[in-house]
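Observations on the model geometry
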Amino acid sequence: MSQISEDQPNNLYRQTLSACPSCDVVMKRHNMTVNQCSICPRCGSKVEYMQDSCPQALKWTVIAALLFYIPANFYPLVSVEIAGTIQSTSVFNGVILLIEQQKAITAAIVLFCSLIVPTFVIATFTIFLVVRNYHRALGVQYYCVRLLVQLRHWSMLDIYLISFLITMFKVMDVGVVQMEIGIYAFVGLTLSVNKLFVTYDRSALWRLISH
Amino acid sequence: MAVDKPLSVNHDSANKSMKTAAQLGFVLCHDCHSLNDGGDAHCYRCKAKLNSRQPNSMTIAWAWLVTSAVMIIPANIFPITMINRYGVLQPDTIITGILYLVERGMLPIAVIVFIASIIVPIVKIIGLFYIFLSVHLKAPVSHRNITHMFHFIEWIGRWSMLDLFVISIMIVLMDVRQVSFEAGPATVAFGLVVICTMLSAKVFDPRLLWDREGVKGERLKDLGSRASHTDAEAQRFTEED
Ligand SMILES: [Zn+2]
Ligand SMILES: [Zn+2]
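Residues numbered from 1 in each chain as written. Chains lettered and ligands numbered in written order. Predicted model: local features only at pLDDT ≥ 70, side-chain atom pairs only at ≥ 80, totals over all residues. Heavy atoms only, no water.

Some thoughts on the coordination of the zinc ion (ligand 2)
Residue and element names in this part refer to chain B. Looking at the zinc ion (ligand 2), one finds its protein donor set to be Cys29 (SG), Cys32 (SG), Cys43 (SG) and Cys46 (SG), positioned 2.2 to 2.3 Å from the metal centre. The site at the zinc ion (ligand 2) holds four donor atoms, and with the angles between them running 105 to 113°, its shape is tetrahedral. Read from N- to C-terminus, the donor residues coordinating the zinc ion (ligand 2) fall into the pattern C-x2-C-x10-C-x2-C. Residue cysteine 29 is found in the loop between strand E1 (26–28) and strand E2 (35–37), and its partner cysteine 43 is found in the loop between E2 and helix H2 (57–77); the two are separated by 14 residues along the sequence. Neither cysteine 29 nor cysteine 43 differs from the other in exposure class; each is buried. (Donors = N, O, S within 2.8 Å, 3.2 Å for Na, K, Ca; no water. Tetrahedral: all angles 85-135°; square planar, octahedral: opposite > 155°, others 65-115°. Helix = DSSP H or I, 4+ residues; strand = E, 2+ residues; numbered from the N terminus. Buried < 20%, exposed > 50% of the residue type's maximum accessible area, 1.4 Å probe, protein only.)

Now the structure itself:
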């Protein structure tokens, strides 16, 4: 980790030592290469996974996520024909119907994990990219990274997609299922957000912060 | 995944010569994982507030866990879906819903829903109970295994949300004239079980588990009040092995 540059000489330990977040043991820092993973000698937890996280790829992944965002969330994902009636569903529709059925808390949970958090994630990545590009507002960059680290567990697009497939199998013997444009966008959105979370994890984002 | 060769797995070195950050007077930043001086209030790199351990970790973690353990009862007793067929309301709990899937010959889906809605929440709650208890009871258990178990629970937690999403999609698609599909009262309880167990795992600080082991006999040095160590101390530590 050579990026830490503004250290005073009496803080050398910052470059040479690190600690395990799971068991607190202090260990020496290693110069890791891409695709190497450091494992804590005491508790066996993964400490850091070095990945090829270049800012250029980040930019294109965020742009892809932005393009997919609207059709994925507001366009119909599939339509099903049951007994002559055609029903189509979007992420947003499901939430609206839950509210209509007096299940506001359930609606809030589904809305939070499948729409609000992914929206925040994409917005935060966008802000981070823009601010980083101009080498400005370090505070904003820190704040974005901290927010993204917190949000990663709560973004559940991947689970939503799997749920979607399960539902399709469930209704297949009742009606005729027709894929709509939204589902392709949704797959794209899920893949790009997952790519963002996997490749740009905590340590990668801290390395990307520019002064 | 490509070659992820572990860099520093040498189990032999897992002995008494290992020192924790707390023992050496360091604090690891919770946000950016950089090492800080124990006396500092804020991280030198990201300016986040520094705590050697998450404050009140056990109390808050227990509170969320007990809440989810209570909520899992209504989640399983009350109907999670209600199918309205020509005005006749047929309520289904999580279990009867799964049995219905088996009846209709959708065994793979039944297994997935069974794992996500029944096995995972129960494993999570029992697992966290076990982990938290072993922090309190200082039981002679492998902390390594418990840490692995904790990371597994952390990772699997979100997948229980599956059934709730399935229901939210189902109610839209099955909204036909004679047949409609409604979310039951158990959805609320079930959603809260998932959220509460996730929050419980989030506030739990696994380092508390290791603190019990690392300092047998030797008292943990007064955290936070040590600002005196210097570069020399770090240097000495680095040269030790
Ligand atoms: Zn460790
Ligand atoms: Zn920090």
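Brief notes about the domain arrangement of chain B
Along its sequence, chain B is organised into domain 1 (16–52) and domain 2 (55–213). Computed from C-alpha coordinates alone, the two centres of domain 1 of chain B and domain 2 of chain B are separated by 34 Å. (Domains from an automatic or database assignment.)

As for the pairing of strand E4 (residues 46–49) of chain A
All names here are of chain A. Bridge count for strand E3 (residues 37–39) against E4 is three bridges, and the pairing is antiparallel. Residue isoleucine 39 lies in a different strand from E4, and its bridge partner there is lysine 46. In textbook terms, the turn of a hairpin is the stretch between consecutive antiparallel strands, and for E3 and E4 this stretch comprises six residues, one of which, glycine 44, has a positive phi near 80°. (Pairing = 2+ DSSP bridges.)

Examining the environment of methionine 149 of chain B
Residue and element names in this part refer to chain B. On the secondary structure map, methionine 149 appears in helix H5 (residues 143–156). With 25 residues separating them along the chain, methionine 149 and lysine 124 place their C-alpha atoms 9.8 Å apart. Those residues in contact with methionine 149 that sit more than four places away from it in its chain are Gly127, Tyr130 and Ile131. (Contact = heavy atoms within 4.5 Å.)

Observations regarding the sheet that holds strand E3 (residues 81–85) of chain B
Residue and element names in this part refer to chain B. Read from one edge to the other, the open sheet built from three strands follows the order E4-E3-E5, with strand pairing classed as antiparallel. On the outer flanks of this sheet lie strand E4 (88–92) and strand E5 (179–183), each paired with one strand and no other. Across the sheet, the mean angle separating the axes of adjacent strands is 20° when strand polarity is ignored. Where E3 and E5 come together, five bridges link them in antiparallel fashion. Looking at E5, one finds that arginine 85 is bridged to valine 179. Each of E3 and E5 touches helix H6 (residues 162–173); the most contacted strand, E5, lies at about 150° to it. (Axes fitted to C-alpha atoms, helices over the stretch in contact; angles between N-to-C directions.)

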